[in-house]
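Close look at the chain arrangement
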Amino acid sequence: MKIVEKEIPFIQNQSFLLILSLILTMGSLLLMVYHGFNLGIDFKGGIKLQYKLSQSIESGKIQEALTKGTGEKILVQQVGQPSENLYAFELQTPKENIDTFSTKVTEVLKKEFQLETVTLIKEEAVGAKAGSEIFKKGQVSVIVAWILILIYIGFRFDFYFSPGAIVALLHDLLIVLGGFAITGREINLTVLAAFLTILGYSVNDTIIVYDRVRENAKKFKSLPIEDLVNQSINETLSRTIVTSLTMFFVVLVLFIMGSGDIKDFAFAMIIGVVTGTYSSIFIASPIYIFLKKHGHRFGMSA
Amino acid sequence: MTSSWRNKIYLVLALILLSLYALMPSILGLQSRLEEAEAKGRVLKTWEKTLAWILPQKELNLGLDLRGGIYLELEVSVQEAVSNRLDLIASQTQRYLSSEKIPNVIIERVPKTDRIRALLPNEVALKKLSEYLSKNYSNSLVLQKESNELTYQSEQKDEASLQALVGSLNEKLAPLGALEIERSTGSDTFRVVLPNEAKREEIKQKIASDFKDLKEKNEPGKVVYKPSDAYLNTLHQDSVKQAVETIRNRIDRYGVAEPSIRKLGTNRIAVELPGVSDPARAISIVKQSGKLEFKLVDDSKMTSPQHPRANNEIQDLIAKARVEKKIPEGFSAESVNQINEALKGKISSDSEIAFELQTDPIKKKVVAGTPYVLKRKAEVTGDMLRGAQVSVGNEGPYVSLSFNPIGAKLFGELTAANAQKGFLAIILDGNVMSAPFIKVAIPNGEAQITLGAGDYNTQLQEAENLSLVLREGALPASLKEITKTIIGPSLGKNAIHEGLRAALIAALVVVAFMILYYKASGLIADVVLGVNVLLIMGVLAMFQATLTLPGIAGIALTMAMALDANIIIFERIREEIKSGKPIKIAVNAGFSNALTAVIDTHLTTFLSGIVLYQFGTGPIRGFAVTLMIGVVTTLLTAYWVTHLIYEYWIQKKNPETLSI
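Rules and cut-offs
- All residue numbers here refer to positions counted from 1 along the written sequence of the relevant chain.
- Starting at A for chains and at 1 for ligands, labels are handed out in the order in which the entities are written.
- Where totals are concerned, whole chains, interfaces and linings use all residues; where local detail is concerned, this predicted model gives features only for residues with pLDDT of at least 70, and gives and counts side-chain atom pairs only at 80 or more.
- Note that the side-chain values use all heavy atoms of the structure and ignore hydrogens as well as water.
- Under the scheme used here, helices are H or I runs from DSSP no shorter than 4 residues and strands are E runs no shorter than 2 residues, and both carry numbers assigned from the N terminus.
- Any two residues whose heavy atoms approach within 4.5 Å at even a single point are treated as in contact.
- Areas reported here follow the Shrake-Rupley algorithm with a probe of radius 1.4 Å; residue values treat only the protein chains shown as occluding.
- Counting of polar contacts relies on pairs of N or O atoms within 3.5 Å, with two restrictions inside protein: one atom must be capable of donating a hydrogen and the other of accepting it, and residues adjacent in sequence are counted only when both atoms are side-chain atoms.
- Accessible area that two parts lose when put together, with a 1.4 Å probe and added across both, is what the buried area reports.
- By convention in these notes, a salt bridge is any Lys or Arg side-chain nitrogen within 4 Å of a carboxyl oxygen on Asp or Glu.
- Side-chain classes follow a simple rule in which Ala, Val, Leu, Ile, Met, Phe, Trp, Tyr, Cys and Pro form the nonpolar group, Asp, Glu, Lys and Arg form the charged group, and the remainder, Gly included, forms the polar group.
- Two strands are said to pair when DSSP picks up at least two bridges between them.
- Remark: exposure states derive from per-residue accessible area (1.4 Å probe, protein chains only) relative to the maximum for the residue type, with buried under 20%, exposed over 50%, and partly exposed in between.
- Side-chain rings of Phe, Tyr and Trp, where Trp is taken by its six-membered ring, are said to pair if the distance between their centres is within 6.5 Å; with planes under 30 degrees apart they count as stacked, over 60 as edge-to-face, and otherwise as tilted.
- Here, over-ring charges are defined by two tests on the NZ atom of lysine or the CZ atom of arginine: distance to the ring centre within 6 Å, and angle to the ring normal within 35 degrees.

**Let's talk about the overall build of chain A**
A count of helical and extended segments in chain A gives nine helices and six strands. Considering only residue pairs separated by 6 or more positions, chain A has 77% of its internal contacts joining residues 24 or more positions apart. When the accessible surface of chain A is totalled, it reaches about 13800 Å², and 63% of it is carbon and sulfur.

**A few points about the side chain of Arg-239 of chain A**
Tracing the backbone shows Arg-239 of chain A in helix H8 (residues 225-257). In this structure the side chain of Arg-239 of chain A is engaged in a polar contact, spanning 3.0 Å, whose partner is the side chain of Asp-205 of chain A. There is a polar contact of 2.8 Å between the side chain of Arg-239 of chain A and the side chain of Asp-564 of chain B. Residues within four places of Arg-239 of chain A in sequence aside, it is in contact with Asp-205, Ile-208 and Ser-244 of chain A together with Asp-564, Ile-567, Ile-568 and Glu-571 of chain B.

**A few points about the interface of chain A and chain B**
Between chain A and chain B, the contact holds 59 residues from the first and 58 residues from the second. Interface area, chain A with chain B, both sides summed: about 5400 Å², of which 65% is carbon and sulfur. Summed over the shared surface of chain A and chain B, the number is six salt bridges. Notably, a salt bridge pairs Arg-156 of chain A with Asp-600 of chain B, separated by 2.6 Å at the nearest N-O pair. Taken together, the links from chain A to chain B amount to 13 residue pairs in polar contact (both at pLDDT 80 or more). Among the secondary structure elements, those contributing two or more residues to the side of chain A that touches chain B are strand E5 (118-126), helix H5 (128-156), helix H7 (189-219), H8 and helix H9 (261-294) of chain A. Here the side of chain A that touches chain B takes 14 residues from H7 of chain A, the largest share from any one element. Looking at the side of chain A that touches chain B residue by residue, the classes come out as 30 nonpolar, 12 polar and 17 charged. As defined by bridge partners, E5 of chain A adjoins strand E22 (residues 479-487) of chain B across five bridges and the pair is classed as antiparallel. Looking across to E22 of chain B, one finds that Lys-122 of chain A is bridged to Ile-487 of chain B.

**Brief notes about the side chain of Thr-485 of chain B**
Within the element layout of this structure, Thr-485 of chain B appears in strand E22. Relative accessible area serves as the criterion here: at 17%, Thr-485 of chain B is assigned to the buried category.

**Some thoughts on the packing of aromatic side chains**
Overall, the coordinates contain 25 aromatic pairs over all chains when judged by the stated rule. Aromatic pair Phe-423 of chain B and Phe-437 of chain B: ring centres 5.2 Å apart, planes at 65 degrees, arrangement edge-to-face. Separated by 14 residues along the polypeptide, Phe-423 of chain B in the loop between helix H13 (405-418) and strand E19 (424-428) and Phe-437 of chain B in the loop between strand E20 (431-434) and strand E21 (446-450) bring together distant segments of the chain. Taking 5.8 Å as the distance between ring centres and 65 degrees as the angle between the ring planes, the aromatic pair formed by Phe-591 of chain B and Tyr-646 of chain B counts as edge-to-face. Of this pair, Phe-591 of chain B sits in helix H17 (residues 583-615) while Tyr-646 of chain B sits in helix H18 (residues 618-653), and the two are 55 residues apart along the sequence. Exposure remark for Tyr-646 of chain B: the relative accessible area of 0% places this residue in the buried category. Of the aromatic side chains, those joined through ring pairs into one cluster are Phe-249 of chain A together with Phe-513, Tyr-517, Tyr-518, Phe-570, Phe-591, Tyr-639, Tyr-646 and Trp-649 of chain B. Lys-292 of chain A extends its terminal NZ or CZ atom over the ring of Tyr-160 of chain A, reaching a point 4.4 Å from the ring centre. Lying across the ring of Tyr-517 of chain B, Arg-574 of chain B places its NZ or CZ 4.8 Å from the centre.

Honestly, that's just the spatial picture; any functional story needs more than this.
Following this line, the structure appears as structure tokens:
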């Protein structure tokens, strides 16, 4: 069983892909600026409660009762199987202490709907200050990981390779962020972990191609740079496709079967796997070629 | 077959066996079995005894998200700890100077600052004070001569108009900046604290024009001392450290298996309590600060006749303040603060309001609060406490307290000075527990806290809780919850089930794909992958690292990466075979050519793992841990063990073709 046999001229036919990438990244940027993100309570502070009630109640009615009973704007959603009577409540940091809020909610639910049992099965509360600190830490961690990876590439390869990997990374991250902005999916700590994994994956993929370029450059000294890179991409192509597909299967299964945090994680990874594969071929490699050809103009020397 | 060959195989087998050994308790559920036996007093069966002796007892450490439990992040109000300590220093120095027979000394803390102010009658007093400070506090307290305040004396002498004066001074001077107007009870002297030196003249003029009967007073012996930065720093660190220790003690008493309590940043504490069935009780035990203080009741016409509670006039003022300033109902620390803020200038400046709370015994809710007017300064504090026990007397259970030598001395002096004269309020966590009349001096440092109304059993329970909190060490400062996560145990089981199912199906899809695509080699990769997962779990169990839900995702991801390593190698081998090399050479070339790419990809992943571990908390750390362990085991299995299998295969069969 073979997936690819033919030499595919990747490097020669890519101007329209560059435009596509530009549109996608710019679109993501615009979306991020104008549409913004749905930050989870991990980052903006707030309370998330999950209750099991002894009977089924329409979530609209619960919302009404809670808003009246607590004076806070609470988002109510039924989760899980309808027969389980599971409800999730979410609100931004309330005026009162976060420590006592759930007691109040339990009281209102009991009183308002005359329920036998009202069980609080999950509670997450993050103070606004703590949340924004975690958010800052998250941003810092993405940047630190990014810098470490770049330093690593700079030393393991050379500095003609680094910029391509940088841009490819940014490209992938922007598109994934755009995906979160447009779907309104929540960005929480787990999703942040996914972003870091995507960084790692995107670099993995780029490194495989770079590794082959470096090897071939020693073997075929006279080959024009475009052909050299193109050949390297073709040689690693089976691996790229097989790996991306297995990776894709894993995250797709996690996305379909998982729920909650796992689902968000898998969603980020699905976009990340696709763009990560794409960017090492169509972003990182052309930048390497460009620098090899024109780098001396910016003071680069081999 | 060479001996180095055999050694390699033995090593791999040993690693697999070691992982299995570490995982056996989790597979058999040994720990829970033993715990259950102990709880029920059941005699262990022979095989259980044998296993418990052979195997490690620790099962896989499941994270909170998988087994349920509580995660709390608490903030220690270090500022509060510092001001408590400074109050204490102030009253100790005051006592020292009066024991040195120096009259007319007033030492008090400037509210809302780190400064302590001393008004001294003469140079001798100043000398004594600085001697005392350098002897007892070496260089931790810095004396300063300059002061940013003005002192005035009023011609008015009666209490009511003096109090009215504070109010109108506050009103007139407030627009000129953040000022404090202070007056000691019964005195006709006012202090005006300046917002900054630049405003001095402006404020002087304003007072001269608006308050004709106030005369500026020069106080030559006025000094201010404040803690040095280093001392402040130590106070901060100590209060957090002490809070961590106190919480740990309390939780140990409460009896949670494997709690984790650690310092987080400069003033935060993270508390993890896995598998707690009654979250509300656990949290209240952790948070109950148990701050004990003894304060004198201010008796300057503010209390009811024959009773320490605030008189009707002040009760009316409180009621009015609640309405006017829209202070919420209830008696939380915050609203009591607001009340005190609103009554500023209406009660004397060294006094404050505190409430004695009445709890409905059935609903367990606070239903009313009786106000008291207390001296702001605590005379004796909980850190001088030596012990607390529950005793039962004629009128029901009570908590008896005993103090350390310093506390006993202070307590004795305090009661001697006020015997037959006043009431002493016992304050726990800011609320008045009781305010008995001081009948006689209590020289031996024994005191009692009687409890509020309720039946005998509730009182006894309450007394036990109280003595536990007091005995385990009062917290130096109160704690504020900033993050809280509670996960019910059933939800944890669901999550583990769901995560495992997803991971299993993902694995099956991938395993099938590998066999389909790489045939026998794919099968080798799959077997090695199984070994990889076993090793990861084994390492997790051995080091008691925590497996979380994202951790399971991390394992799934590691599996994908391990396969990537094999795919890189297999593709290389295919290339070499295609270029016409014999099998043995092709395999070896494939492995060695792939090495750099495999190492580079894994090291970058390891780097992001490190960063995640550094910056992440809870579940994210779990993800980082499995990722990092996975990188190591993947290099070992996907590269090294696969290579070993190939070598064995070629050596044994010397095949013409390779199933790849």
